[in-house]
Every structure is written in C-alpha cells, then in structure tokens.
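For reference, the chains in residue letters:
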Amino acid sequence: SSGINAEWPLRPGKKGIAFPTCICVNEIVCHFSPLRSDPIVTIKEGDLVKIELGVHIDGYAGVVAHSLVVGATAENPATGGLADAVLAAHHCSEAALRLIKAGNTNKQITETIQKITEAYNSSPLEGMLSYEIKRYQTEGATDKQIVLNPSEAQKKEIKNMEFAVHEVYAMDVFVTTGSGKMKESNVSTTVHKRSDEMYSLKMKASRAFFSDVCNRFTMMPFTLRAFEDEKKAKMGLKECVTHELLHPYPVQQDSDGKPVAQFKYTVLVVPNGNIRINGGLFDPSLFKSEHKIEDKEVLALLAQSANRKAGGKKKKEKSTDCDSALIPLL
C-alpha cells in the first residue's frame, strides 16, 4: 500500500487494496484473513499454502494467487496428492491463458480443465467462477463468466460466450484430489464487500464504520484487519451485514478435507492475443507426480507460446519490455 501511494499519489479510495491478503492452508479454499485477536495458525513443512491478494489504481484492479508446498525442493519434491493438485492447477491455469483470446469461448476452457484434472486424478472445485472484471468491479454482475466445474444449476444458468478484444479477466483455478465439493468453514468471516443496497443505519458506530468503508475501499473487498480498533469495527459491521449493506465472504474448505491448490492471474485480451499482467514463478521440479497429461490436443495447447504475436519488430521489442515491467507489479 505504501508503494502504491508513492508511485500513484491519488486520494484514498482511488488506489489501494482490491482484495485483502488471504493465506489459506491445505483444505482451506479461500477468504482466510485472520484478525490480530484470532488464534495463531502455524504453518509447517509439507503444508500446501495459497496466497491471494489484489491491488487497484483508480478502480482498475489486478488480482493474483499462487500455491506452494512448504519445504519442497528439487531434491525433496512434494509427491502424492499434493503434487497432483498443484501440477493440475498449474497446467489448468496455463491452458486457460492460451485460450483466453478473442473468438474463443468459455466452454473451451471448461472442457480443457476437465481433461487436465482427470489426467491427474483430481477435480476442479465445483461452482468456482472466473469473471470479466471492470472498473471498481472485480466480480459479480456480468454474463462473461468461466466456470471450472459447473454444478447442475450452473449448467442451466451459465451462458456460452466468446472473449472479445479489450476485455479483462481474473482467471482463478482451484483443484483438489477430493470430490470437488466444498463447504463453509466454521472459521469466522472477516472479508466483506460493499453491496448496492440502501439503508439508513441507526447506530452511530455503524454509520462511522460504513462511511470509513466507503471512503477507503469503495466497492472493493476488504478485511476487518484493516481497522485499527477491531472492537469498534465489529460493532459497526453487525448492522451493516444485517441490512445487507455489506456482503460477507465466508471461509470455504474442501468437503473431503483434501488439500486444494490455487493459481490466479489477471489477463487482458488484446488484438494479437492477450497479456498476463501478474502471476508467481512456478518451478515444476518441486513436484513429482505419478500421473501426466496424455491428451494430444491439450499437450499441443500447452506447447504453444503464451506470448502474444507482435505486428512488427519495433512493436515486439516494445511489448517485451512492457510485459517484463508489468509482471513484477503484483
């Protein structure tokens, strides 16, 4: 946040957190952003850890997530279900990157993800969506959606759509070696997001809290950890949630207690392909699986370069510099 303030000195709310940092371990899927008063969670060797966050400048967001196994090395790689989940999720995210291009469809991504996860004896989490994102909107009301593993309801609701030039997507992949089902955890919810509902709050503490949320976070998700006085924040939160001014993001976990891997990045669709603006470095030597992808179409897709085609020599040199400069930002 301090780095963003230094580079882009806009007023509060015009830049900052687009999604609070969440660190989810093993079977915990998403939205775990503990408060200072919460019990300490100790991360140990062999744990599968997912780190997710997002930032925005003037409402234009970049969101990202990465998975790692604590202590894994090339000499002592992660194996078994951990390796299967991580490798499947990584390959799914890379395949999706090569398919998010103008003229391609969300159905192509869903089908490809199913092939990859089956090869690793794993499953994409049911119902998890990737969205087109717009200014001050990281998810939500859009027909432009990509579903990893559609539920029966989603099979009827999700529309087939084509990607178009100048769209921006948050591609979010979750893979488990379990059944693909998830459930709400009993961990307290700390992440919320402002809704479009209107209500005249009665409590002074609620009005002060909600005003602070609007000024600091606009329509972006936030965590209660961002407030200095946790007790006051909780007091103000209750009335806001009761009257649906704020939408909660409950902590989710794998229904079978299996570890879940996640990879997420932000990608821009451009005339000559796409630009991934963030994402962590991945070292496949840290993982050793008994399974592998054998589908020829999928292998051919993954063998393609993820770099967009350039129209000429000068443009190619310029775009390469731009890509290398953008990726370290998040």
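Just so it is clear, the structure is predicted and the values come from calculations on it, not from any experiment.

1. Looking at the overall build of the protein chain
- Looking only at helices and strands, one finds eight helices and 15 strands in the protein chain.
- Taking contacts inside the protein chain between residues at least 6 apart in sequence as the whole, the part at least 24 apart equals 78%.
- When the accessible surface of the protein chain is summed, it comes to about 17,000 Å², and 53% of that surface belongs to carbon and sulfur atoms.

2. Concerning the environment of Ile133
- By the element assignment, Ile133 lies in the loop between β6 (129-132) and β7 (145-147).
- For the pair Ile133 and Ala170, spaced 37 residues apart in the sequence, the C-alpha separation amounts to 6.6 Å.
- Once residues lying within four places of it in the same chain are set aside, the contact partners of Ile133 are Ala61, Thr138, Glu139, Val168, Tyr169, Ala170 and Thr266.

3. Some points on the pairing of β6
- Pairing geometry for β6 and β7, over three bridges, is antiparallel. In the strand pairing of β7, Leu129 is matched with Val147.
- Examined bridge by bridge, β6 and strand β8 (residues 168-176) share two bridges and lie antiparallel to one another. Paired with Glu132 across the strands is Tyr169, a residue of β8.

4. Digging into the nonpolar core
- In terms of nonpolar packing, the biggest core is built from 45 residues, with Val69, Ile100, Ile109, Tyr169 and Met171 touching the most fellow members.
- Of all the elements in the fold, those that place two or more residues in this core are β2 (28-30), α2 (80-99), α3 (106-119), β8, β14 (260-270) and α7 (296-303).
- Among the elements that take part in this core, α2 stands out by supplying 12 residues, more than any other.
- Setting aside anything within four residues of it in sequence, one finds Met171 in contact with Ala96, Ile100, Ile109, Ile113, Ser130, Ile146, Leu148, Phe263, Lys264 and Tyr265.

5. Thoughts on the pairing of strand β10 (residues 191-194)
- Bridge analysis of β10 against strand β11 (residues 222-223) gives two bridges, and the strand direction is antiparallel. Within the sheet, the bridge partner assigned to His192 lies in β11 and is Phe222.
- Sheet topology places β10 next to strand β12 (residues 246-249); four bridges connect them, and they run antiparallel. Each bridged residue has a counterpart across the sheet, and for Lys193 the counterpart in β12 is His247.

6. With respect to a nonpolar patch on the surface
- Taken together, the side chains of Ile23, Ile43, Ile51 and Leu68 define a hydrophobic patch exposed on the protein surface, amounting to about 280 Å² of accessible area.
- With respect to the element layout, Leu68 can be found in strand β4 (residues 60-69).
- Note on Leu68: relative accessible area 34%, which makes it partly exposed.

7. Quick look at the packing of α2 against α3
- Relative to each other, α2 and α3 sit at 155°, their axes nearing to 9 Å. The angle between α2 and α3 falls in the class roughly antiparallel. Considering how the two elements wind past one another, α2 and α3 form a crossing that is right-handed. Of the residues in α3, those touching α2 at Ala88, His91, Cys92, Ala95, Ala96 and Leu99 are Gln108, Ile109, Thr112, Ile113, Ile116 and Thr117.

8. Some details on the sheet that holds strand β13 (residues 252-254)
- The antiparallel open sheet is built from three strands, whose spatial order is β2-β13-β9. Each edge of the open sheet carries a strand with a single partner, namely β2 and β9 (182-184). Each strand axis lies, on average, 40° off the axis of its neighbour in the sheet, ignoring direction.
- With two bridges joining them, β2 and β13 adopt antiparallel strand pairing. Following the sheet pairing, Cys30 is matched in β13 by Gln252.

9. A look at the packing of α3 against α7
- One way to put it is that α3 packs onto α7 with a least axis distance of 10 Å and a crossing angle of 105°. Between α3 and α7, the angle falls in the class roughly perpendicular. On α7, the residues that touch Thr112, Lys115 and Ile116 of α3 are Glu297, Val298 and Leu301.
- A per-class count over the contact of α3 with α7 returns three nonpolar, one polar and two charged.

10. Considering the confidence of the model for the protein chain
- The pLDDT averaged across the protein chain works out to 88; a share of 88% of its residues lies at or above 70.
- Here residues 315-330 scores under 50 on pLDDT; set against residues more than four positions off or in separate chains, the count is 15 contacts.

Criteria and thresholds
Residues numbered from 1 in each chain as written. Predicted model: local features only at pLDDT ≥ 70, side-chain atom pairs only at ≥ 80, totals over all residues. Heavy atoms only, no water. Helix = DSSP H or I, 4+ residues; strand = E, 2+ residues; numbered from the N terminus. Contact = heavy atoms within 4.5 Å. Areas by Shrake-Rupley, 256 points an atom, 1.4 Å probe, with all protein chains shown as cover. Pairing = 2+ DSSP bridges. Core = buried A, V, L, I, M, F, W, Y, C linked by side-chain atoms within 4.5 Å. Buried < 20%, exposed > 50% of the residue type's maximum accessible area, 1.4 Å probe, protein only. Patch = residues over 30% accessible without salt bridge, like charges linked within 9 Å, V, L, I, M, F, W, Y side chains within 5 Å. Salt bridge = Lys/Arg side-chain N within 4 Å of Asp/Glu carboxyl O. Axes fitted to C-alpha atoms, helices over the stretch in contact; angles between N-to-C directions. Parallel < 35°, antiparallel > 145°, perpendicular 65-115°, else oblique. Left-handed = near helix turned anticlockwise from the far one by under 90°. Nonpolar A, V, L, I, M, F, W, Y, C, P; charged D, E, K, R; others polar. pLDDT = per-residue confidence, 0-100.

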